[in-house]
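Structure assessment
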Amino acid sequence: MGVYNEQGEAVGERDTSVVLPVKSSGAHRTLGVRQRRSTVTHNGCPSNVPPKEQPVDMVYVVGGWSSDDPSCPVERFSAELNEWRMTAPMIRHRGDAAVCALGGLIYMAGGHDGVTCISNVEKYDPETNLWSGDVAPLSRPRSKLCLVEMEGYLYALGGHDDITCTNIVERYDPSQNTWMKLPPMRTRRSGAAAAVLAGYLYVMGGSNDDAPLNSVERYSPLDGCWATCPPMHTPRENPGCTVFLGQIYVAGGRDELLLELSTAERFDPENFHWSPVKCMKSKRHQVSLLVFNESLLAVGGSDGIINLKTMELYDHETNSWRHFGSTKSRHPGGHVVLMKTVPNIA
């Protein structure tokens with residue numbers, strides 16, 4: 001997936017034919033590369049009519065700001081070229097912002113510019129490669145908030161307003177370009193993780209200003225109420241989180257001793273139980289988790305010494321992680337977004 005070392009230099013020859021082979025229906029399938037398949041007519045002869053292209057996973061790494069590295073880069077993985085490419089920069093550089101995809105656009109909300117918290121929201125259109133600031137701001141400036149998509153809306157949860165952690169919950173309606181306040185979380189959280197599964201919005205961990213949390217709660221949009229769920233095994237501030245194979249996976253972050261974590265765990269909504277997952281190879285605070293081409297990836301984060309560009313891939317059949325290339329740039333506090341696009345047929 002565009003392999004680079006920690007200095008950002010290309011490693012070896014670029015292989016444009018294979019990105020990631022995984023098992024699918026008993027056979028190996030090449031992922032990340034657009035392949036032309038011929039269709040077959042009713043008489044068994046090949047047809048000249050091109051097949052209908054299926055949506056392709058496109059990965060964006062958005063933002064990442066620190067006083068040492070204020071560039072706030074945005075990059076996209078190009079499956080056709082098997083490499084990472086830089087895209088248009090954001091309008092306003094910021095760190096600890098929240099990022100989420102909705103309706104074919106990428107939204108970035110809140111964050112911190114090194115002086116104060118931000119309420120501003122921007123959106124990025126991959127088709128035009130442009131960022132726009134014509135999005136309604138959050139009701140209150142804050143950084144380290146969560147931003148997730150659910151049923152066509154964006155939900156912004158918690159965060160820090162430069163004074164204290166908050167339990168604010170608000171929902172963005174893109175058709176009206178407005179935010180609406182919802183019932184607050186039971187716990188004030190910044191640097192938490194959030195995921196949507198089986199019609200519920202789960203929020204896990206984070207910090208309450210005093211220490212990282214292991215508590216979990218979930219919101220039901222049907223009754224508008226928050227309910228307490230079983231806690232994680234480990235308190236985690238700024239962990240990575242995603243839904244994979246019908247379960248919530250949470251990895252990395254920082255514990256109550258402010259130590260970076262390589263541990264991971266998963267939540268099964270059917271038995272309401274957390275179970276441990278094999279540790280990642282690297283400690284990763286502010287790591288991003290995503291499912292890319294049916295595989296679970298951990299991207300970036302900090303090991304307590306440097307901000308990482310490396311990625312790891314998780315094999316659920318063997319419960320193991322392995323190294324899986326690198327991004328071009330470091331993204332301290334940045335986030336990964338997965339988007340579905342239909343490639344143009346040549």
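Residues numbered from 1 in each chain as written. Predicted model: local features only at pLDDT ≥ 70, side-chain atom pairs only at ≥ 80, totals over all residues. Heavy atoms only, no water.

**Considering the sheet that holds strand S20 (residues 240-244)**
Within a beta sheet, neighbouring strands are joined by backbone hydrogen bonds and run either parallel or antiparallel to one another. Across the sheet, which stays open at both edges, the four strands sit in the order S20-S21-S22-S23 with antiparallel pairing between neighbours. This sheet does not close on itself; its edge strands, each paired only once, are S20 and strand S23 (273-277). Here the strands of the sheet are splayed against their neighbours by 25° on average, with no regard to which way each runs. Here S20 runs beside strand S21 (residues 247-251); their pairing, made up of five bridges, is antiparallel. Looking across to S21, one finds that Thr-242 is bridged to Tyr-249. (Pairing = 2+ DSSP bridges. Helix = DSSP H or I, 4+ residues; strand = E, 2+ residues; numbered from the N terminus. Axes fitted to C-alpha atoms, helices over the stretch in contact; angles between N-to-C directions.)

**Section: the side chain of Arg-284**
As for its placement among the helices and strands, Arg-284 is situated in the loop between S23 and strand S24 (288-292). Take Arg-284: its relative accessible area is 0%, and that puts it in the buried class. A polar side-chain atom of Arg-284 sits 2.8 Å from the main-chain carbonyl oxygen of Gly-300. A polar contact is formed between the side chain of Arg-284 and the side chain of Glu-312, at a distance of 3.1 Å. Setting aside its immediate chain neighbours within four residues, Arg-284 contacts Gly-252, Gly-253, Leu-261, Ala-298, Val-299, Gly-300, Ser-302, Leu-308, Thr-310, Met-311 and Glu-312. (Buried < 20%, exposed > 50% of the residue type's maximum accessible area, 1.4 Å probe, protein only. Polar contact = N/O pair within 3.5 Å; in protein donor to acceptor, adjacent residues only side chain to side chain. Contact = heavy atoms within 4.5 Å.)

**Topic: the pairing of strand S14 (residues 169-173)**
Burial analysis of S14 places four of its five residues in the buried class, which makes it a mostly covered element. When strand S13 (residues 153-157) meets S14, the two strands line up antiparallel, connected through four bridges. By the bridge assignment, Leu-157 is partnered in S14 with Val-169. In this structure, S14 lies alongside strand S15 (residues 178-181), joined through four bridges in antiparallel fashion. The partner of Arg-171 across the bridge, within S15, is Met-180. Between S14 and the antiparallel strand that follows it, S15, lie four residues; Asn-177 among them carries a positive phi value of about 55°.

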